[in-house]
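Understanding the architecture of this molecule
Read off the chains here:
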Amino acid sequence: MAHPLRTSLPPLLVRLALRFRLCAYWSLVAAFCALCGAAALLRLCWSAIARPTATFRWTLREAPPACLHDTSLGTHCYVRIKESGLRFHYVAAGERGKPLMLFLHGFPEFWFSWRHQLREFKSEFRVVAVDMRGYGESDLPLAVDSYRPELLLTDVKDMVEHLGYNRCFLVGHDWGGTIAWLFAINYPEMVAKLIVLNCPHPSVHADYALRHPSQMLKCSHFFFFQLPRLPELMLSINDFKALKALFTSRSTGMARKGRWLTAEELEAYLYALSQPGALTAALNYFRNVFSSLPLSHNQVRSPVLLLWGERDAFVEQEMAEECRVHIRNHFRLNVISGASHWLQQDQPDIVNTLMWTFLKEGDSRKGHRN
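Residues numbered from 1 in each chain as written. Predicted model: local features only at pLDDT ≥ 70, side-chain atom pairs only at ≥ 80, totals over all residues. Heavy atoms only, no water.

Attention shifts here to the packing of aromatic side chains. In this structure the tally under the stated criterion is 23 aromatic pairs. Of the aromatic side chains, those joined through ring pairs into one cluster are F107, Y135, Y147, W175, F222, F224, F225, Y285 and F286. Over the face of the ring belonging to F112 we find R115, whose NZ or CZ atom lies 4.4 Å from the ring centre. (Phe/Tyr/Trp six-rings, centres within 6.5 Å; stacked < 30°, edge-to-face > 60°. Lys NZ or Arg CZ within 6 Å of the ring centre and 35° of its normal.)

Judged by how many residues are buried, strand β3 (residues 100-104) sits mostly within the fold: 5 of 5 residues are covered. Both faces of β3 are covered, namely the face carrying L100, L102 and L104 and the face carrying M101 and F103. Judged from the 5 bridges that link them, β3 and strand β4 (residues 126-130) form a sheet pairing that is parallel. Residue pairing in the sheet places L100 in a bridge with R126 of β4. (Buried < 20%, exposed > 50% of the residue type's maximum accessible area, 1.4 Å probe, protein only. Helix = DSSP H or I, 4+ residues; strand = E, 2+ residues; numbered from the N terminus. Pairing = 2+ DSSP bridges.)

Turning our attention to the pattern of salt bridges. Evaluated as defined, the whole model comprises 14 salt bridges. Through salt bridges with shared partners, one network takes in R61, D239, K244 and E267. (Salt bridge = Lys/Arg side-chain N within 4 Å of Asp/Glu carboxyl O.)

Now for the pairing of β4. Among the 5 residues in β4, 5 count as buried, and that is most of the element. Here β4 shows a buried face lined by R126, V128 and V130 and a second buried face lined by V127 and A129. Sheet topology places strand β2 (residues 87-93) next to β4; 4 bridges connect them, and they run antiparallel. Opposite V91, over in β4, you have A129 as the bridge partner. With helix α3 (residues 115-121) bridging β3 and the parallel β4, this β-α-β connection has right-handed handedness. (Right-handed = clockwise from strand over helix to strand, strands pointing away.)

Attention shifts here to empty space enclosed by the protein. In this structure the tally under the stated criterion is 3 cavities of 30 Å³ or more. Of the voids in this model, the largest cavity is the one considered here, and its volume is about 90 Å³. Residue lining of the largest cavity: F88, L102, L104, V130, M132, R133, L152, D155, V156, M159 and Y285, and that is the complete set. Those elements giving two or more residues to the lining of the largest cavity turn out to be β3 and α4 (149-162). At 4 residues, the largest contribution of residues to the lining of the largest cavity is made by α4. Of the volumes computed, that of the second largest cavity is approximately 40 Å³. Taken together, E109, F110, G134, Y135, G136, A272, L273 and A278 make up the full set of residues lining the second largest cavity. (1 Å grid on protein atoms, 1.4 Å probe; cavity = no way out; pocket = protein on both sides within 12 Å on 5 of 7 lines; lining within 4 Å. Points joined across faces, edges and corners; volume = space filled by probe spheres on them.)

With that out of the way, let us pick up the packing of α4 against helix α5 (residues 175-186). Taken N-terminus to C-terminus, the directions of α4 and α5 make an angle of 75°; their axes are 10 Å apart at the nearest point. The pairing of α4 with α5 is recorded here as roughly perpendicular in orientation. In this structure, α4 uses P149, L152, L153, V156 and K157 to contact α5, whose residues at the interface are I179, L182, F183 and N186. Residue composition of the contact of α4 with α5, by class: 7 nonpolar, 1 polar and 1 charged. (Axes fitted to C-alpha atoms, helices over the stretch in contact; angles between N-to-C directions. Parallel < 35°, antiparallel > 145°, perpendicular 65-115°, else oblique. Contact = heavy atoms within 4.5 Å. Nonpolar A, V, L, I, M, F, W, Y, C, P; charged D, E, K, R; others polar.)

As a further point, take the sheet that holds β2. Backbone-to-backbone hydrogen bonds pair the strands of a sheet. The strands run either parallel or antiparallel. What the 8 strands build is an open sheet, ordered β1-β2-β4-β3-β5-β6-β7-β8; its pairing is mixed. Across the chains shown, the open sheet's two edge strands, defined by having one partner strand only, are β1 (75-80) and β8 (331-336). Averaged over neighbouring strand pairs, the angle between their axes works out to 20° when direction is ignored. Across 4 bridges, β3 lies against strand β5 (residues 168-173) in parallel orientation. Each bridged residue has a counterpart across the sheet, and for L104 the counterpart in β5 is G172. Packed onto the sheet, α4 meets β1, β2, β3, β4 and β5 and runs at close to 150° relative to β3.

Here helix α14 (residues 348-359) spans 16 Å end to end across 12 residues, near enough to the 16 Å set by a 1.5 Å rise per residue. Along α14, the positions that sit buried rather than exposed are P348, V351, N352, L354, M355, W356, F358 and L359. (Expected span 1.5 Å × (residues − 1).)

Ranked by size, the top nonpolar core spans 121 residues in total, and within it M101, L102, F107, L170, W181, L194 and M355 carry the most contacts. Setting aside anything within four residues of it in sequence, one finds L170 in contact with L102, L104, V156, A180, F183, V191, K193, L194 and I195. (Core = buried A, V, L, I, M, F, W, Y, C linked by side-chain atoms within 4.5 Å.)

Another aspect to go through is α5. For α5, spanning 12 residues, the distance from its first C-alpha to its last is 17 Å, which sits close to the expected 16 Å at 1.5 Å a residue. Turning to α5, its buried residues number three or more, namely W175, G176, G177, T178, I179, A180, W181, L182, F183, A184 and I185. Looking at the buried positions of α5, the neighbouring elements they touch are β3, α4, β5, β6 (191-197), α6 (202-211) and β7 (304-309).

On to the packing of helix α9 (residues 230-248) against helix α10 (residues 263-273), then. Interaxial distance between α9 and α10 falls to 11 Å at its minimum, and their mutual angle equals 140°. The angle between the axes of α9 and α10 places the two elements in the oblique class. Seen from above, α9 lies across α10 with right-handed handedness. In contact with F240, L243, K244, F247 and T248 of α9, α10 contributes L266, Y269, L270 and L273. Its residues assigned to classes, the contact of α9 with α10 shows 7 nonpolar, 1 polar and 1 charged. (Left-handed = near helix turned anticlockwise from the far one by under 90°.)

Mean pLDDT over the chain works out to 89, with 89% of the residues at or above the 70 mark. In the model, residues 364-370 has pLDDT below 50 throughout and makes 25 contacts with residues more than four positions away in sequence or in other chains. (pLDDT = per-residue confidence, 0-100.)

Structure follows, in structure tokens:
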């Protein structure tokens, strides 16, 4: 007969190892948050000393720039979802009876980031670019818990059903890409095909960052954004200088000459993000990210196209290929040379061509309506 201590020891060790790993994980998160917060405070102090007048001055943009009312992009629509009670804004184009292509934007964007794709795909699809909750003209609840992943997934499901469909071609970038991955995992029957831009599968991102300090540094803003109030302040000072730099700087901005944001397009983003509560709402996505990991289910059963900008400053290219292990269907990966994180905006012609190729593969482009 086996000794009772020996039979109980392995499960005990397993539990202790799991508990130790969990403690180590959250200790690392807390330490990184503190480090990023300290660095931000130093930058704030230096800016206040060097430019005291300009540092704490920012402008609320009261009127939207003309580009947000470009009729070639589609019609502005609003819907109040019964499940959440929130009002959502979206821009739609293309005939209603055609297959639905739903676009989910990232941080710190809104529906406007899909302007090139709205024009391109409206000929054969009902294209819809949503302002996700907390962005643009959609309602922005301020409570952190209002941005839990399960609520964001319900928003997508409710939007698809409100539009009169039971299936869609789902396209997501950055945070919208994360929601798109999770939606395909949890609602496989509702995703005909999945297209993700510059966003790894959530399980790949979490595992890879823990094994590669270089990626941990690149996503250090995830940790900084966990802090209350300070991130909003740092993104606002000097009239939203940090937000402008995200789109325009040499290190993080759009890479292709001739596709840089115009002054009016940049103002469109600043208009959306300067509204009261907008920054807090956008940052609350990040403030829920660690509570949802690790995923209990992570398999994607839809065909997947993953587009990756070679010069992405926030996510390392090696993660793209690792996504393959979680996909149980056709997987196509295209790395676009010279492209930045803002892939669909600085390389729209290449992105659109690759999307068309993927969409026309197989016979799943048939519309699915209720």
